[in-house]
Amino acid sequence: MKRIGFMTGGGDCAGINAFLAACLKRGSEGYGAEFVGIRRAFEGACADRIEDFLVPLGPADAVGLENKPSTILESSRFNPFSEANRAKGYPEKLVANLKKVGIDAVLATGGNDTIKSTKGLTELGIPAIAAPKSIDNDVSGTDTMLGFKTAVTFGASAFRSTVESARTHRRISLVEIMGREAGWLSLEIGLAGGADIILIPEKPVDLARLCGRVAALNERQGYVNIAVAEGTRIRLDDPVLVAAAEATPVVAAMLKEDLGKDEHGNPKLGGIAQILRRIIRHRLGLKKLEDVRATDLGFTLRGLPPVADDIILGLRFGFAAVDLLFAGEAGFMVGLQGTRIVKVPFAEALVQKKVDWSETDLKNAGVVW
Ligand code: F6P
C-alpha cells in the first residue's frame, strides 16, 4: 500500500487538521506512504474529474497544521450511497475514480453520515478507517470526538457573555445551540456557561412547565438564561403553543416553514429559539418582544481553532489509524474509550448516541422537560 486518500466529510469542526497532521507525519516517516487529500470528501471523490479535487500532501504540509481551524480539505454532505445516487451508479464511480488516481486506501474523518459512507466504501473493497468528529458528540463507541471539547469551551464563554448581558438588562435570554438528535452541546455549554434552564432533544418540552419555570425565575432574580438545542422537540398540539400560534401569526408561519432535508435524510434545523421567544412572551404576557432575546450560536462553534484536548485527540487518532492501516487492518472507526484508542466496528459506531445522564443529574443541571 502506497497512496492514501484523505476525506473530511460532514459539518466542519476543530481537530480535523490535527488528525491529518498526525497521519502525514506517521505515514511518511514510519512507512514511506504517499498522501493525497480529496477536497469536498465524497463529492470530490465522485466527480467527473476527481483529479481536480486532489491535493498532494507531504510531511512539510503537517508543519503547524494541527492547530488550524476547520479542515484544509473542505467538506460536503454528498452521499454516494443514497437511493438516488446508487441508481445513478455513484458507488461504482467512486471506486473507479479512486483506482484511476492510484488511491489504495482511505482515511476519513466524519460524523455518523460520513462513517456510514466509509463503511460503504470498505464493503466495495477499498480499505478504509474513519475517525469520529462532531460538535454534536453523537457518534457511539467513543467517549468523545473531534470538535466537541472546542465547541463546548468557546460556546460556554459566549454563553457567559449573554448571561452577563441578560442580568445587566434584566431580560430573558435564549441561546440556540446545534444538536440535532443529541443535546450534549447544549447541556455542557449550558452547565459551564451558567444557564438557568437547558432544553435538549432527548426530553421533549412541556411548554406550560417551561413557561412556569421561566416566570418564577424571572420574578425571583429578574432575568433568565436558557440554553436550547436546535433539535429540542415541542408537541404541535401543546395548548401553550396552539394559543401562541393563534395570537402571533409569525409563530404559525414559522411552524409551517419546511427547511427540507440534507443528502442523508436529516432534517435541516434552526429557529427554535425564535419560536420559543414568542411563545414565552405570549404566555408571560410581556409587553415587548425585546424582553425576551434570542441568540443563535450556530456556526460560530464549527470553524474554531482546536483546544489542546482536540489537538491531542486528533493526533492520537491519526497515529493509531496509520499504524493500524499499515498493520493490514481496516474497516472500522478509531475511538477513545477511557484512556485508550480502540478499534470500533462501524455498526457499533453508527448507533445514534444520545445524552444518557440520569434524570437526577439532568434536573440538577437545569434541564426542563
Ligand atoms: O454536524 C452536525 C450539525 O452540527 C447539526 O447539529 C446541524 O443540524 C448540522 O450540522 C447543520 O450543518 P450544515 O448546515 O452544515 O449541514
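Residues numbered from 1 in each chain as written. Predicted model: local features only at pLDDT ≥ 70, side-chain atom pairs only at ≥ 80, totals over all residues. Heavy atoms only, no water.

Peer 1: Before we move on, could you go through the layout of surface pockets and cite the residues and values that matter?
Peer 2: Each pocket or cavity is described by its volume, and for the largest pocket that value is around 710 Å³. Lining the largest pocket we find 39 residues, and of these R77, D136, R180, D262 and R302 sit closest to its centre. The set of elements that each furnish at least two residues to the lining of the largest pocket consists of helix 2 (41-45), helix 5 (112-123) and strand 6 (172-177). Considering every element that reaches the lining of the largest pocket, the biggest residue donor is helix 5, with 5 residues. Classifying every residue of the lining of the largest pocket gives 10 nonpolar, 14 polar and 15 charged. Two domains each put at least three residues into the lining of the largest pocket: domain 1 (3-146 + 306-349) and domain 2 (152-301). Roughly 590 Å³ of volume is contained in the second largest pocket. T232, L255, L269, I272 and I275 are the residues nearest the centre of the second largest pocket, which is lined by 21 residues in total. Those elements giving two or more residues to the lining of the second largest pocket turn out to be helix 10 (249-256) and helix 11 (272-284). Here the residues of the lining of the second largest pocket sort into 9 nonpolar, 5 polar and 7 charged. (1 Å grid on protein atoms, 1.4 Å probe; cavity = no way out; pocket = protein on both sides within 12 Å on 5 of 7 lines; lining within 4 Å. Points joined across faces, edges and corners; volume = space filled by probe spheres on them. Helix = DSSP H or I, 4+ residues; strand = E, 2+ residues; numbered from the N terminus. Nonpolar A, V, L, I, M, F, W, Y, C, P; charged D, E, K, R; others polar. Domains from an automatic or database assignment.)

Peer 1: Before we move on, could you go through the site of the ligand and cite the residues and values that matter?
Peer 2: In the vicinity of the ligand, the contacting residues are R77, I135, D136, M178, G179, R180, E230, F299 and R302. R77 places a side-chain nitrogen or oxygen 2.6 Å from an oxygen atom of the ligand. Within the contact set of the ligand, an oxygen atom lies 2.7 Å away from a side-chain nitrogen or oxygen of R302. When atom positions are compared with the pocket grids, the ligand is found to occupy the largest pocket. In terms of residue class, the shell around the ligand is made up of 3 nonpolar, 1 polar and 5 charged. Each of domain 1 (3-146 + 306-349) and domain 2 (152-301) accounts for three or more of the residues forming the shell around the ligand. (Near = heavy atom within 4 Å. Polar contact = N/O pair within 3.5 Å; in protein donor to acceptor, adjacent residues only side chain to side chain. Sits in = over half its atoms within 2 Å of the grid points.)

Peer 1: Which residues make up the domain arrangement of the protein, and what values go with them?
Peer 2: The domains assigned to the protein are domain 1 (3-146 + 306-349) and domain 2 (152-301). Distance between the C-alpha centres of domain 1 and domain 2: 34 Å. At the junction of the two partners, domain 1 supplies 12 residues and domain 2 supplies 13 residues. Buried area between domain 1 and domain 2, summed over both chains or domains, comes out near 1,100 Å², and the portion from carbon and sulfur atoms is 52%. For the interface between domain 1 and domain 2, the tally reads 0 salt bridges. Joining domain 1 to domain 2, the criterion identifies 5 residue pairs in polar contact (both at pLDDT 80 or more). Looking at the side of domain 1 that touches domain 2, its residues break down into 3 nonpolar, 5 polar and 4 charged. (Contact = heavy atoms within 4.5 Å. Buried area = accessible area lost by both parts, 1.4 Å probe. Salt bridge = Lys/Arg side-chain N within 4 Å of Asp/Glu carboxyl O.)

Peer 1: I'd like a description of the side chain of D136, backed by residues and values.
Peer 2: Structurally, D136 is set in the loop between strand 5 (128-132) and helix 6 (148-169). No salt bridge is formed by the buried D136, whose closest oppositely charged neighbour, R180, lies at an N-O distance of 5.2 Å. Within the local environment of D136, its side chain forms a polar contact with the backbone nitrogen of R180, the two atoms lying 3.5 Å apart. When residues no more than four places from it in sequence are discounted, the contact partners of D136 are M178, G179, R180, A182 and W184. (Buried < 20%, exposed > 50% of the residue type's maximum accessible area, 1.4 Å probe, protein only. Lys, Arg positive; Asp, Glu negative; His and termini not counted.)

Peer 1: Explain the side chain of S28 residue by residue, including any values.
Peer 2: Mapping S28 onto the fold places it in helix 1 (residues 16-31). Within the structure, S28 has its side chain in polar contact with the backbone oxygen of L24 (distance 2.4 Å). In contact with S28, other than residues within four places in its own chain, are C23, A33, F35 and P59.

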